Amino acid sequence: MVKRSKKAKTMRKIIKAIWIFNWFNSCGFIELVPLVGSRWDMERFGMIIVGTPRHADVLFIAGYQTLKSIKRAQRVYEQMAEPRVVIALGSCTMTGGMYWDSYNTIKRLEDYLPVNLYIPGCPPRPEAVFEACEKIFQHVKELQ
Amino acid sequence: MIDEIEPAPKDSDYDFYFGPAHPGSGNFGVKLKIDGERVVSARADPGYLHRGFEKLMEYRTPIQNAVLSDRLCVLEPLNWNLVHAEAVDELMGIDVPERAKYIRVIMAELSRIQSHIIWYGVFSIGTGFDTGFKMAFGYRDYILDLFELITGGRVYPAGYICPGGVRRDFPNGARDKILKVLDKMDEMIKLEELENPALDVRAKGVGILKVKDAIRLGATGPVLRGSGMKTDVRKDEPYEIYDRLDFEVPVRNEGDAYARYWIGIEEMKQSIKIVKQALEDLPDGEVTVPEFKRPKVKVKMPQGEVYIRNEVARGEAAVYMVSDEGSEPYRCKIRGPDFLHMIPVLECLLKGAQIADVPAIYWSLNICPADMDR
Amino acid sequence: MVTKETELLDEIKSEFKVDGRVQRKQRIWVSTDKNKLIEMCNWLKDHGFVHLSAVSVTDWLEDGKYELTYHLWSYDDKILITVKTKIDREKPTISSVMPIWEESAQIHERELHELFGVKFKGNSDLVPLFLEDWGGPPPFRKDFDWRNYVREEYYSKENEREKVYYD
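Residues numbered from 1 in each chain as written. Chains lettered and ligands numbered in written order. Predicted model: local features only at pLDDT ≥ 70, side-chain atom pairs only at ≥ 80, totals over all residues.

## Thoughts on the nonpolar core
Applicable threshold: Note on terminology: a nonpolar core is any set of buried Ala, Val, Leu, Ile, Met, Phe, Trp, Tyr and Cys residues joined through C-beta atoms within 7 Å. Counting other C-beta atoms within 10 Å of a residue's C-beta gives its exposure: the residue is buried at 20 or more, exposed at 12 or fewer, and partly exposed in between, where C-beta atoms are placed from the backbone. A run of H or I in DSSP becomes a helix once it reaches four residues, and a run of E becomes a strand once it reaches two; helices and strands are each numbered from the N terminus. Throughout, a residue-residue contact means that the two C-beta atoms, derived from backbone geometry, are no farther apart than 7 Å.
The biggest cluster of nonpolar side chains holds 171 residues, and the ones touching the most others in it are F60(A), V319(B) and I81(C). Top element by residues in this core is helix α4 (residues 98-126) of chain B. It accounts for 15 residues. Residues within four places of V319(B) in sequence aside, it is in contact with V83(B), H84(B), A87(B), I308(B), C332(B) and I334(B).

## Looking at the sheet that holds strand β1 (residues 19-24) of chain C
Residue and element names in this part refer to chain C. Definition in use: Strand pairing is assigned whenever DSSP identifies at least 2 bridges connecting the two strands. Comment: axis = line fitted to C-alpha atoms, over the contacting stretch for helices; angle = value between 0 and 180 degrees taken between N-to-C directions.
Within the open sheet, the five strands sit side by side as β1-β2-β5-β4-β3. Their pairing is mixed. Sheet topology places β1 and β3 (51-60) at the edges, where each strand pairs with a single neighbour. Adjacent strand axes in the sheet meet at a mean angle of 20°, parallel and antiparallel pairs treated alike. Here β3 runs beside strand β4 (residues 65-73); their pairing, made up of nine bridges, is antiparallel. Bridging from a neighbouring strand, A54 pairs with H71 of β4. Helix-sheet contacts for helix α3 (residues 98-116) involve β3 and β4, and the interaxial angle to β3 is about 20°.

## Some points on helix α5 (residues 126-141) of chain A
Residue pairs three or four apart in sequence face the same way in an α-helix, which turns once every 3.6 residues. Residues and elements named next belong to chain A. The line we're drawing: For a helix, the expected span equals 1.5 Å multiplied by the residue count minus one. Note that the arc is defined by the directions from the helix axis to the C-beta atoms.
Over its 16 residues, α5 runs 23 Å from end to end, which matches the ideal 22 Å to within 8%, given 1.5 Å per residue. When we look at burial in α5, the residues that qualify are V129, A132 and C133. Buried residues along α5 cover an arc of 95° about the axis, so they all sit on one side. Those residues of α5 that are exposed and aimed more than 90 degrees away from the buried face are E127, E131, E134, Q138 and K141. Close packing links the buried residues of α5 with α2 (33-36), β4 (85-89) and β5 (117-119).

Now the structure itself:
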């Protein structure tokens with residue numbers, strides 16, 4: 001029998017199916033919507049889209065953010081309850097991407113929100129998003 | 001003591017922000033003032049996606065701009081690619097080969113079908129029909145697989161329609177695959193035409209826009225055709241090969257949300273007809289002009305200015321390009337259809353509407369915040 | 001050869017004494033003085049040009065002028081005419097065309113006021129449209145270099161991933 005800490009035990013009880021908040025902003029969202037559709041059905045893994053951040057586990061930042069929308073994203077992040085995960089999609093969140101010389105977009109997402117996982121691509125394919133969610137389950141399983 | 005309910009005192013309107021984190025609104029916010037159940041006034045709040053495209057294009061050469069022009073509106077990238085490529089072609093005086101013109105029209109019409117499928121999906125979810133949304137996005141993937149076969153990317157084709165023609169020719173077997181996908185689209189349209197009774201109540205008579213108001217507020221495309229005016233840029237000033245093709249322009253007179261939705265479905269049928277005709281008449285030959293074949297990164301554009309208008313899925317799109325004998329454009333102004341639909345038309349239609357009708361009106365205008373903010 | 005476009009251009013030239021040319025089928029370009037602009041726009045609207053497609057500003061840095069262009073389309077004749085005028089770059093003011101084309105002109109002028117700094121007399125609603133708390137100069141002017149601004153504000157040369165933006 002493996003001895004696990006209290007935190008690991010609670011995490012294993014809570015994270016069985018992850019719920020995603022509906023912050024579909026900028027280009028990357030166009031490859032998150034087929035995940036809800038009937039070809040790459042995400043409900044068979046237990047994931048659904050919820051309408052309020054207080055019920056959500058995961059926040060997807062799917063692409064570039066401007067100075068106006070990053071303020072709203074920060075307020076949404078503060079309303080989510082622990083345990084929470086932030087996943088950054090696309091190359092615009094890493095170094096500025098295609099709009100590196102624009103005066104109004106932010107260049108490094110880690111200066112504004114604590115990011116847990118980056119997915120490269122422009123935009124990343126739906127299979128890559130599923131692999132990222134699989135990594136969350138893996139991480140919870142290996143927690144001590 | 002509940003036998004007498006007093007009406008609310010005067011000036012007790014409350015503010016309601018239908019904003020970007022709302023599940024029914026997309027990347028755009030509208031500030032509503034509401035009195036009971038009626039909207040008194042609406043004020044649009046754009047700017048969540050502003051990147052400054054017009055000046056970004058001044059730092060890049062035309063071939064680099066072809067890749068950037070996909071991202072003007074993420075829901076219909078190939079149509080915007082076409083507008084930009086036509087502007088550079090006319091400025092430099094290039095005559096595009098025949099086979100390239102046919103291929104451009106086929107890709108643009110497939111992209112229009114794909115964009116109308118998204119419109120059907122989000123309009124269904126706005127009026128409470130979730131199954132329509134899931135089914136629409138399932139069928140849309142057939143077209144995205146076609147795009148991946150021909151251009152290399154599911155969503156962004158990396159500047160496939162570039163100045164001078166298209167980047168590469170169709171691979172072997174593409175023609176049969178396109179015909180099979182069009183059969184699947186016919187099947188989907190038959191399913192879409194079986195309407196549910198809830199649509200009658202939620203969409204008929206809601207959000208009426210008269211013709212005089214539509215022209216004064218600057219509406220174009222399906223919004224103007226739904227109010228009764230028969231106009232289409234593909235028929236008024238034909239570009240590429242649209243003057244050789246035979247298709248109709250659907251028009252309705254009521255101007256409500258149901259009329260616009262019906263026009264979306266009819267336009268899909270006409271686009272399927274156009275693609276079948278273009279595939280039959282596809283000639284052989286080269287697909288790029290010789291000077292763009294091995295593209296040198298610096299190409300000089302002669303002095304001049306052009307204004308090109310095209311019909312994208314949402315309305316009239318235009319590019320005004322000025323060149324000053326450099327290797328980059330001096331000024332590139334982009335006019336999108338949604339700039340007019342989302343600010344003046346939406347504020348006019350939402351006044352006096354009931355709060356439960358706000359999603360049906362909002363999604364029937366087929367908005368795309370990315371090409372409003374640019 | 002006499003076409004619809006050359007006839008219309010001759011009518012405008014005889015009425016207002018301006019120069020212009022017919023570029024190709026369905027395209028006419030006319031340049032005028034800023035004082036005659038409103039009169040000409042009223043005349044054009046009465047002759048069928050009801051649709052204002054776009055209003056745009058080009059910044060000519062060496063001449064010290066802003067060039068305003070108004071693109072108008074007529075649904076009956078199917079012709080697009082562009083009217084160009086020049087105004088001073090340091091104090092750009094011009095009267096608004098809102099009385100002629102109402103709401104569709106108002107939103108175009110609001111955008112140009114924010115991005116280029118042009119003041120339109122007669123347009124009462126010139127509040128910022130896209131930007132929130134922007135303290136710098138009007139962003140689309142030619143003397144505001146975006147690449148220098150971005151290298152100072154956001155990137156740092158010591159970061160391994162961002163060194164490439166500095167050559």
